[in-house]
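# Observations on the three-dimensional arrangement
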Amino acid sequence: MSPLRIAVIGAGVIGKTHIDALAQLPDARLAAIADPSAEAGALAARHGVPHHADYRALLEAGRPDGVIVATPNATHVPIGLACVERGIPVLIEKPIADTVEDAQRLTAAAERAGVPLLVGHHRRHNPILQTAREVIGRGDLGALVSATILYTFLKPDGYFDVAWRKQEGGGPILINLIHEIDTLRFLCGGIESLQAMRSSKTRGFPVEDTAAVVLRMRSGALATISLSDAAATPWSWDMTTGESPQFARQSVPTHFFSGTDGSLAVPTLELWRYEGGRGWLDPFTRTALPLRPANPYVRQLDHFARVIRGEEEPLVGGADATETLRATLAVREATDSGGPIRFDA
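Residues numbered from 1 in each chain as written. Predicted model: local features only at pLDDT ≥ 70, side-chain atom pairs only at ≥ 80, totals over all residues. Heavy atoms only, no water.

## Details of unusual backbone geometry
The residue after K94, namely P95, is reached through a cis peptide bond having omega -10 degrees. As for its placement among the helices and strands, P95 is situated in the loop between strand 5 (90-93) and helix 5 (100-113). At L269, a position not held by glycine, the phi torsion is positive, near 55 degrees. Looking at the element boundaries, L269 is found in the loop between strand 12 (262-266) and strand 13 (270-274). (Helix = DSSP H or I, 4+ residues; strand = E, 2+ residues; numbered from the N terminus.)

## A look at the pairing of strand 5
Residues of strand 5 alternate between two faces, with V90 and I92 on one and L91 and E93 on the opposite face, all of them buried. Crossover handedness for the path strand 4 (residues 66-69) to helix 4 (residues 76-85) to strand 5: right-handed. In this structure, strand 5 lies alongside strand 6 (residues 117-120), joined through four bridges in parallel fashion. Within strand 6, the position partnered with E93 by the bridge is G120. Between strand 5 and its parallel partner strand 6, the chain crosses via helix 5, and the hand of that crossover is right-handed. (Buried < 20%, exposed > 50% of the residue type's maximum accessible area, 1.4 Å probe, protein only. Right-handed = clockwise from strand over helix to strand, strands pointing away. Pairing = 2+ DSSP bridges.)

## Things to note about the packing of aromatic side chains
Applying the stated criterion to the full structure yields five aromatic pairs. Here the aromatic rings of F160 and F205 are separated by 5.4 Å at their centres, their planes lie at 55 degrees, and the arrangement is tilted. In this pair, F160 is assigned in the loop between strand 7 (144-152) and helix 7 (172-175) and F205 in the loop between strand 8 (191-199) and strand 9 (210-217), connecting sequence segments 45 residues apart. On the basis of relative accessible area, F205 is assigned to the partly exposed category, the value being 25%. With a centroid separation of 4.3 Å and 15 degrees between ring planes, the pair formed by Y274 and F284 is classed as stacked. (Phe/Tyr/Trp six-rings, centres within 6.5 Å; stacked < 30°, edge-to-face > 60°.)

## Looking at helix 4
The buried count for helix 4 comes to eight of 10 residues, which makes it a mostly enclosed element. Of all the residues in helix 4, the buried ones are H76, V77, I79, G80, L81, A82, C83 and V84. Next to the buried residues of helix 4 lie strand 1 (4-9), helix 3 (55-61), strand 4, strand 5 and helix 5. Downstream of helix 4 by a residue or two, G87 has a phi angle that is positive, lying close to 75 degrees. (Contact = heavy atoms within 4.5 Å.)

## Describing the sheet that holds strand 1
The parallel open sheet is built from six strands, whose spatial order is 3-2-1-4-5-6. A single partner strand is all that each edge strand has here, and the edge strands are strand 3 (51-52) and strand 6. Across six bridges, strand 1 lies against strand 2 (residues 28-34) in parallel orientation. From the neighbouring strand, I6 faces strand 2, where its bridge partner is L30.

## Comments concerning the sheet that holds strand 14 (residues 284-288)
Overall, mixed pairing links the nine strands, which are arranged 14-13-12-11-7-10-9-8-15 in an open sheet. Looking at strand neighbours, the two that pair on one side only are strand 14 and strand 15 (341-342), the edges of this open sheet. With respect to the sheet, helix 6 (residues 127-137) is in contact with strand 11 (255-259), strand 12 and strand 13, its orientation differing from that of strand 12 by roughly 170 degrees. Relative to the sheet, helix 8 (residues 177-188) contacts strand 7, strand 8, strand 9, strand 10 (222-228) and strand 11, its axis offset from that of strand 7 by approximately 160 degrees. (Axes fitted to C-alpha atoms, helices over the stretch in contact; angles between N-to-C directions.)

## Considerations on the environment of A11
Following the sequence through the fold, A11 ends up in the loop between strand 1 and helix 1 (13-22). Residue A11 is classed as buried on the basis of its relative accessible area of 9%. The residues touching A11, leaving out its near neighbours within four places in the chain, are K16, I33, D35, A40 and L43.

## Some points on helix 2 (residues 38-47)
Listed as buried for helix 2 are A40, L43 and A44. Down the axis, helix 2 shows its buried residues gathered within 100 degrees of arc, on one side only. Seen from the buried face of helix 2, the exposed residues on the opposite side, beyond 90 degrees, are A38, A45 and R46. (Arc of directions from axis to C-beta.)

## Topic: the pairing of strand 9
In strand 9, alternate side chains face the same way, and those of A211, V213, L215 and M217 are buried while those of T210, A212, V214 and R216 on the opposite face are not. Where strand 8 lies against strand 9, eight bridges are found, and the strand directions are antiparallel. Looking at the pairing, S199 lines up with T210 of strand 9. Bridging between strand 9 and strand 10 involves seven bridges; their strand directions are antiparallel. In the sheet register, L215 faces strand 10, and the bridge partner there is A223.

## Topic: the nonpolar core
In this structure, L215, F257, L264 and V266 are the most contacted members of the largest nonpolar core, which totals 42 residues. Elements supplying a minimum of two residues to this core: helix 6, strand 7, helix 8, strand 8, strand 9, strand 10, strand 12 and helix 11 (318-337). For this core, the element with the most residues is helix 8, which contributes six residues. In this structure F257 touches I136, L141, L144, S146, A147, L187, C188, G262, S263, L264 and V266, once residues within four positions along its chain are discounted. Formed by 30 residues, the second largest nonpolar core is a distinct cluster that contains A7, V90, I92 and A321. (Core = buried A, V, L, I, M, F, W, Y, C linked by side-chain atoms within 4.5 Å.)

## Some details on the packing of helix 6 against helix 8
Relative to each other, helix 6 and helix 8 sit at 40 degrees, their axes nearing to 9 Å. Put simply, helix 6 runs oblique to helix 8. On helix 8, the residues that touch L129, A132, R133 and I136 of helix 6 are T183, F186 and L187. Its residues assigned to classes, the contact of helix 6 with helix 8 shows five nonpolar, one polar and one charged. (Parallel < 35°, antiparallel > 145°, perpendicular 65-115°, else oblique. Nonpolar A, V, L, I, M, F, W, Y, C, P; charged D, E, K, R; others polar.)

Here's what the structure looks like:
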C-alpha cells in the first residue's frame, strides 16, 4: 500500500507539530506545505516538498489524499469548505470554527459531500484520557458525582508583547478553555448548563486572566473548572502530561473525578476505592493504573490515515466538535450575563 500524501496548510507551531508527527508514520508522508511566510518556504525545502504561499494554489496543484488545516481560527471554515468541495478528507485544528453557525455550515457541507471531517482535539487520542474514559465508563467509580479541573499556569510577560493577546478574545477562555470543555464532554458526557465568572484584576488588561466555571452534566454530576494564565502553579495539563516537551514536567494531578464508589486522579491515573467499609473513617486503597505513553499527535494522524482509507469513523467529527465550541463560547456569554446558560438536549 502506497503511503498517503498529506498536505499541511499553516506552518506555525501546531503545523510544525503535525509535520513532525507525520514523519513518524510509515504509511503517510508530507506532500506539500501552504503558508505565506518565508520560513514556511525554507521548511518545505528541508522536507523536499512543494511550497505554496496560498492554500488554493496547493489544492489546484494536485489532489493530496488528505489535508491538515493548522491556520488561524477565522480561516478554518473557508479552507475546510475548499477541501470538501474537492472531495479531500480534512483534519481541522480546534476550534472547528469561530462561531457555531459556521461550524454547522462546514459540518453540513462535509456530510452532504460524504467527505471525512476530523477535528483536532488531540487530547482524545492520549492514552491517559482514553484510560480514564474506560474507568469512568465501566462504572469503576460508581455513579459520577463531581469533576474538578485545574487549568492554571503562568504565561511569561513576553507573551503579551503581541497586542491582540491583551485584548478581548485573546485570553484563556477562548484560547485554552476549549481543551477542558472537550475533556469534560469526552469523559463525563453532555453538558446541561453552566455558569461562569471572569477577572482581569491580576494584569489589568482588557482581556481576562482568570475564570471560574460551574457546569451541570446531563448525568446530574457537577463539574468545576478553575482557569488562569496568571497563576504560578504546576496544575495544568501541559505541565503534567509530557505532551509538550518544552514545558518543565511536574508529577501532580490536575483533574479529579469523584463517584459513589471511588475516585480517579488524572493524569497520574490514581484510582482510590474502599476495600471494606465505605465511609470517611475507613481506609482507602490507592491503585496506580498501568499506562503505555504515546504521542497523541502521532496517534491522531494514524487515526486520520485510517479515516481517509475508510477503516474508521472520525473520533471527533464536525457535529461533536461543534458542541464543544458551543459550550466554550457559552462560558464567555455567561461571564457577561451573570446567569446560567442552558443547552438543548
